[in-house]
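Structural description and commentary
Each chain, written out:
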Amino acid sequence: MTATVSNFYYGAATPIAAYLMACLGAALGLRCTTRSLRRPHRRARWLALGAVSIGCGIWTMHFIAMIGFSVQGALVEYDATKTVLSLVVAIVVVAIGVFLVGYRGGSAVNLAVAGTITGLGVAAMHYLGMAAIHTNGGLHYDTPTVALSVAIAVAAATAALWAAVSIRGLWSSLGASLVMGVAVTGMHYTGMAAVSVHLTGGSAVSQSSTGLLSFLLLMLAGPLVVLLVAAVVVMFDPDMMLGDDEPAARPAYGAGTDVPTRQTVESSQPYNSW
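Computed from a predicted structure; not experimentally measured.

1. Thoughts on the overall build of the protein
- Helix and strand counts for the protein stand at nine helices and seven strands.
- For the protein, the proportion of its 274 residues judged to be buried stands at 49%.
- Restricting to contacts in the protein with at least 6 residues of sequence separation, those with at least 24 account for 89%.
- Carbon and sulfur atoms provide 69% of the accessible area of the protein, an area that totals close to 12100 Å².

Given below as structure tokens:
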């Protein structure tokens, strides 16, 4: 028997909250990447913080959205190991893409490679998170819709990486993060549209949300703390506080020109921070 599946058990609350988390992770990631381009001697630290921010933002978006996932006539539970593993996958694949463009530049070929790797990884995170679901039924996927969700993930990842190395201004970064939030959240709900659940028997039960909600909130606590810490680091960075977003001599990023000259580095403000 095919069960009725809903992604909006709590109405608009979960998609809105998920979208905001995706935007927050994207915004922090963009600002961290901007800082890395201004400070080559601290580039790895800023890129790592940016990758963790984007990865946690995407993962948090996914599982906040999953709070609204329900199956009529079945209880929904999650495997903790696969849930945590999906977080690790999200951070690792985003880090690969961010470090590729951070050190090798934003050429078309490099963006295509980094965007494809990151997009496929984000899609893997999504479906690994779905594989963590336990219910008294089998999850089935519509193949064309799954393929569409993967294509959206690759396109969103490529656009995000392009923005990371191309956009400098604060307001431009915030605007880009809003667009990226739409793309990432759209990928999630496209993937969820591919899901159907075939119940395997047993008596019908009402969805008990208390235990599930407690588990997901516990899982979300860690990434939310990480995003909060990243926000504090970015907001209290001297360049951010002074609104100094445009370097005096922007380094020409591209193949073979990823390291600014000594003159460019020295022309930046000598702030002692990440």
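2. A word on helix α5 (residues 143-166)
- Along its 24 residues, α5 runs 34 Å from first to last C-alpha, staying within 8% of the 34 Å computed at 1.5 Å per residue.
- Buried within α5 are the following residues: S149, A153, V154, A156, A157, A160, L161, A163, A164 and V165.
- Considering only its buried residues, α5 is in contact with α1 (13-38), α3 (80-104), α4 (108-131) and α6 (170-193).

3. Here we look at the sheet that holds strand β7 (residues 195-199)
- If you walk across this open sheet you meet the three strands as β1-β7-β6, and the pairing is antiparallel. The strands lining the two open edges of the sheet, one partner per strand, are β1 (2-3) and β6 (137-141).

4. With respect to the pairing of β7
- The alternating pattern of β7 places V195, V197 and L199 on a buried face, while none of S196 and H198, on the opposite face, is buried.
- One ladder, built from two bridges, connects β1 with β7; its direction is antiparallel. Counted as the bridge partner of T2 is H198 from β7.
- One ladder, built from five bridges, connects β6 with β7; its direction is antiparallel.

5. Quick look at the nonpolar core
- The biggest cluster of nonpolar side chains holds 57 residues, and the ones touching the most others in it are I58, W59, M66, F69, V71 and Y78.
- With 14 residues, helix α2 (residues 43-67) is the single largest residue contributor to this core.
- With eight residues, the next largest nonpolar core counts A26, A163, A164 and A176 among its residues.

6. Some words on the packing of aromatic side chains
- As enumerated under the stated definition, the model contains seven aromatic pairs in all.
- With 5.5 Å between their ring centres and 10 degrees between their planes, F8 and Y189 make a pair best called stacked. One end of the pair, F8, is in the loop between β2 (5-6) and α1; the other, Y189, is in helix α6, and 181 residues separate them in sequence.
- Here the aromatic rings of Y78 and F215 are separated by 6.3 Å at their centres, their planes lie at 10 degrees, and the arrangement is stacked. Residue Y78 is found in strand β4 (residues 77-78), and its partner F215 is found in helix α7 (residues 209-235); the two are separated by 137 residues along the sequence. Each member of the pair, Y78 as well as F215, is classed as buried.
- Each residue in the set W59, F63, Y78 and F215 is aromatic and connected to the rest through ring pairs, giving one cluster.
- For R43, the ring lying beneath its charged end belongs to Y103, and the centroid distance is 5.5 Å.

7. Overview of the packing of α2 against α3
- Contact pair α2 / α3: the axes reach a minimum separation of 8 Å and the direction vectors enclose 140 degrees. With respect to their mutual orientation, α2 and α3 come out oblique. Judged by the sense of rotation from one axis to the other, the crossing of α2 with α3 is right-handed. Facing α2, whose interface residues are R43, A44, L47, A48, A51, V52, I54, G55, C56, I58, W59 and F63, α3 presents T83, S86, L87, A90, I91, V94, A95, V98, F99, G102 and Y103.

8. What to know about the environment of M125
- Within the element layout of this structure, M125 appears in helix α4.
- The spatial distance from the C-alpha of M125 to the C-alpha of V88 is 8.5 Å, given a sequence separation of 37 residues.
- Sequence-distant contacts of M125, that is, excluding residues within four places in its chain, are made with I58, W59, H62, S86, V89 and A90.

9. Quick notes on the confidence of the model for the protein
- On average, the protein scores 82 in pLDDT, and the residues at 70 or more come to 82%.
- The model gives residues 246-274 a pLDDT under 50, and that stretch makes 46 contacts with residues more than four places away or in other chains.

10. Comments concerning the packing of α1 against α5
- Running from amino to carboxyl end, α1 crosses α5 at an angle of 40 degrees, the nearest separation of the two axes being 8 Å. Classified by the interaxial angle, the pair formed by α1 and α5 is oblique. Considering how the two elements wind past one another, α1 and α5 form a crossing that is right-handed. Taken together, the residues of α5 that come into contact with α1 (itself represented by L30, T33 and L37) are A160, A163, A164 and V165.
- Residue composition of the contact of α1 with α5, by class: six nonpolar, one polar and no charged.

Scoring rules and cut-offs
Residues numbered from 1 in each chain as written. Predicted model: local features only at pLDDT ≥ 70, side-chain atom pairs only at ≥ 80, totals over all residues. Heavy atoms only, no water. Helix = DSSP H or I, 4+ residues; strand = E, 2+ residues; numbered from the N terminus. Buried < 20%, exposed > 50% of the residue type's maximum accessible area, 1.4 Å probe, protein only. Contact = heavy atoms within 4.5 Å. Areas by Shrake-Rupley, 256 points an atom, 1.4 Å probe, with all protein chains shown as cover. Expected span 1.5 Å × (residues − 1). Pairing = 2+ DSSP bridges. Core = buried A, V, L, I, M, F, W, Y, C linked by side-chain atoms within 4.5 Å. Phe/Tyr/Trp six-rings, centres within 6.5 Å; stacked < 30°, edge-to-face > 60°. Lys NZ or Arg CZ within 6 Å of the ring centre and 35° of its normal. Axes fitted to C-alpha atoms, helices over the stretch in contact; angles between N-to-C directions. Parallel < 35°, antiparallel > 145°, perpendicular 65-115°, else oblique. Left-handed = near helix turned anticlockwise from the far one by under 90°. pLDDT = per-residue confidence, 0-100. Nonpolar A, V, L, I, M, F, W, Y, C, P; charged D, E, K, R; others polar.

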